[in-house]
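Observations on the three-dimensional arrangement
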Amino acid sequence: MPPKKPSSAASPPPPDVGLLEEIGGGFLGAAATVGGMGLLGYQILRRLVTFRIDRAETLRNLYRMGVKSIPIVIVTALFTGAIMVIQAAPLVVRLGAQGLLGWGAGFGILREIAPLLTALMINGRVGANNTAELGTMVVTEQIDALRVLAIDPIAFLIAPRFVAIVTTLFLSTIFADTLALLGAAYGGLGLLGVEPKTFYNGLTSGLLGLSDVTSGLVKSIVFGIVMALSSCQYGLGVKGGAPGVGRAVNATVVASAAGIFILDYFVSFTLD
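Just so we're clear, the structure is a prediction, and the values are computed from it rather than from any experiment.

A look at the overall build of the chain
- Helix and strand content of the chain: 9 helices and 0 strands.
- For the chain, the sequential pattern of α-helices and β-strands runs α-α-α-α-α-α-α-α-α.
- Compactness check: the chain gives a C-alpha radius of gyration of 24 Å against a globular reference of 19 Å for 272 residues, more than 25% above the reference.
- Its C-alpha atoms give the chain principal-axis dimensions of roughly 95 × 50 × 35 Å.
- Per-residue burial for the chain yields a buried fraction of 40% across its 272 residues.

Here you go:
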């Protein structure tokens with residue numbers, strides 16, 4: 001029997017996806033993610049208002065996310081303050097404005113640099129880890145097991161992590177503000193010969209007000225909410241086994257960082 005001849009019919013070409021279709025698909029994906037974060041935020045808010053939140057799990061996450069993040073916050077804050085002095089040094093020397101070094105460093109640190117860099121560092125450590133943990137629970141069906149046991153996953157897992165992330169970022173920003181100013185003061189002493197007393201006189205001379213401090217703290221709360229919702233949303237939405245967990249972690253870090261920068265603009269515009 002003669003062998004069959006291979007079919008000469010060519011496979012159909014892949015569909016031509018235009019630029020507008022790609023943009024539309026990306027927009028729909030982003031809208032679905034933001035919508036999911038909004039629904040998750042509503043569910044968390046309902047548990048918090050009715051005090052349906054696991055206290056032990058909240059304390060455990062505060063320790064894991066907050067206390068264990070202290071070393072990276074210390075290093076980031078101290079060197080951030082010193083770097084700001086390095087960047088300002090040529091202008092300070094040229095204008096002879098050593099007395100304004102404290103005001104310039106304090107203005108940038110309190111309003112922008114400390115909350116932003118602290119959020120990015122906490123995002124890389126806490127946000128990614130939170131997504132990986134939740135994603136692993138989804139893949140191994142631990143979330144489904146909680147539902148079978150009549151345990152609310154939002155009250156037991158998600159709400160405590162949300163509270164822990166927001167609280168961690170808020171307290172870490174206060175800590176980072178103090179350490180960054182300390183690093184800037186002694187950086188000014190080492191690089192410019194500006195005494196710490198002169199630095200702090202410029203910091204407290206009246207050019208900076210309470211609004212400069214509260215602006216950074218408000219940003220830290222907003223950044224914490226975005227980070228918590230993003231990491232929980234991507235963690236609960238993991239599909240595709242272990243590779244899906246990796247993709248979710250990567251998506252969390254990118255989405256949280258983008259959301260932090262976007263909301264930083266709007267919060268700064270609103271508060272200023």
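Moving on, there is more to tell.
Description of helix H3 (residues 70–95)
- Relative to the 38 Å expected for 26 residues at 1.5 Å per residue, H3 spans 37 Å between its end C-alpha atoms, a close match to the ideal helical length.
- The complete set of buried residues in H3 reads Val73, Thr76, Ala77, Thr80, Gly81, Val85, Ala89 and Val92.
- Its buried side turned inward, H3 meets helix H4 (101–139) and helix H6 (153–192).
- Among the residues trailing H3, Gly96 stands out with phi positive, at a value near 65°.

Brief notes about the packing of H4 against helix H7 (residues 196–203)
- Following both chains from N to C, one finds H4 and H7 inclined at 60°, their axes separated by 6 Å at the closest point. As far as their axial angle goes, H7 and H4 are oblique. Crossing of H4 over H7 shows right-handed handedness. Contacts between H4 and H7 involve Leu101, Gly102, Trp103, Ala105 and Gly106 from the first element and Phe199, Gly202 and Leu203 from the second.

Quick notes on the UniProt feature "transmembrane region" (unreviewed entry) in the chain
- Sites flagged by UniProt as "transmembrane region" (unreviewed entry) map to residues 23–45, 66–88, 100–122, 162–186, 217–236 and 248–267.
- Structurally, residues 162–186 comprises 100% helix and 0% strand, and the distance from its first C-alpha atom to its last is 36 Å.
- Between the first and last C-alpha atoms of residues 217–236 the distance is 29 Å; the span itself is 100% helix and 0% strand.

What about a nonpolar patch on the surface?
- A cluster of nonpolar residues, Tyr63, Val67, Ile70, Ile74, Val75, Leu78, Phe79, Ile83, Phe175, Leu182, Tyr186 and Leu189, forms a patch on the protein surface that exposes about 1,000 Å² of accessible area.
- For the nonpolar patch, the elements supplying multiple residues, two or more each, are H3 and H6.
- Phe79 sits in the exposed class, given a relative accessible area of 55%.

Topic: the nonpolar core
- Ranked by size, the top nonpolar core spans 48 residues in total, and within it Ile44, Ile109, Ile158, Leu192 and Met227 carry the most contacts.
- At 16 residues, the largest contribution of residues to this core is made by H6.
- Leaving out residues up to four positions away in the same chain, Ile109 has contacts with Gly81, Met84, Ala114, Pro115, Asp177, Ala180, Leu181 and Ala184.

Remarks on the packing of aromatic side chains
- By the definition in use, this model includes 4 aromatic pairs.
- Between Trp103 and Phe107 the ring centres are 6.0 Å apart and the planes differ by 35°, which places this aromatic pair in the tilted class. In this pair, Trp103 and Phe107 are both assigned in helix H4, 4 residues apart and thus about one turn of the helix distant.
- Judged by its relative accessible area of 37%, Phe107 is partly exposed.
- Aromatic side chains Tyr265 and Phe269 sit 6.3 Å apart centroid to centroid with 20° between the ring planes, which places their arrangement in the stacked category. With Tyr265 and Phe269 both in helix H9 (residues 241–271) and 4 residues apart, this pair spans about one turn of that helix. Each member of the pair, Tyr265 as well as Phe269, carries the same accessibility label: exposed.
- Taken together, the aromatic side chains of Tyr265, Phe266 and Phe269 make up a single cluster linked through ring pairs.

Here's the deal with the pattern of salt bridges
- Scanning all chains against the criterion turns up 9 salt bridges.
- The partner of Arg147 in a salt bridge is Asp144, and the shortest N-O contact between them spans 3.4 Å. Of this pair, Arg147 and Asp144 both sit in helix H5 (residues 142–148), separated by 3 residues, roughly a single helical turn.
- What makes Asp144 partly exposed here is its relative accessible area of 41%.

Observations regarding H7
- When H7 is considered as a whole, its buried residues turn out to be Pro196, Phe199, Gly202 and Leu203. Down the axis, H7 shows its buried residues gathered within 125° of arc, on one side only.

Observations concerning the environment of Ala82
- Looking at where Ala82 falls in the secondary structure, it is placed in helix H3.
- Sequence separation between Ala82 and Ala145 is 63 residues, and the spatial gap between their C-alpha atoms is 50 Å.
- Those residues in contact with Ala82 that sit more than four places away from it in its chain are Gly183 and Ala184.

Definitions and limits used
Residues numbered from 1 in each chain as written. Predicted model: local features only at pLDDT ≥ 70, side-chain atom pairs only at ≥ 80, totals over all residues. Heavy atoms only, no water. Helix = DSSP H or I, 4+ residues; strand = E, 2+ residues; numbered from the N terminus. Rg over C-alpha atoms; globule rule 2.2 N^0.38 Å. Buried < 20%, exposed > 50% of the residue type's maximum accessible area, 1.4 Å probe, protein only. Expected span 1.5 Å × (residues − 1). Contact = heavy atoms within 4.5 Å. Axes fitted to C-alpha atoms, helices over the stretch in contact; angles between N-to-C directions. Parallel < 35°, antiparallel > 145°, perpendicular 65-115°, else oblique. Left-handed = near helix turned anticlockwise from the far one by under 90°. UniProt positions renumbered as here; feature names shortened; annotations may be inferred. Patch = residues over 30% accessible without salt bridge, like charges linked within 9 Å, V, L, I, M, F, W, Y side chains within 5 Å. Areas by Shrake-Rupley, 256 points an atom, 1.4 Å probe, with all protein chains shown as cover. Salt bridge = Lys/Arg side-chain N within 4 Å of Asp/Glu carboxyl O. Core = buried A, V, L, I, M, F, W, Y, C linked by side-chain atoms within 4.5 Å. Phe/Tyr/Trp six-rings, centres within 6.5 Å; stacked < 30°, edge-to-face > 60°. Arc of directions from axis to C-beta.

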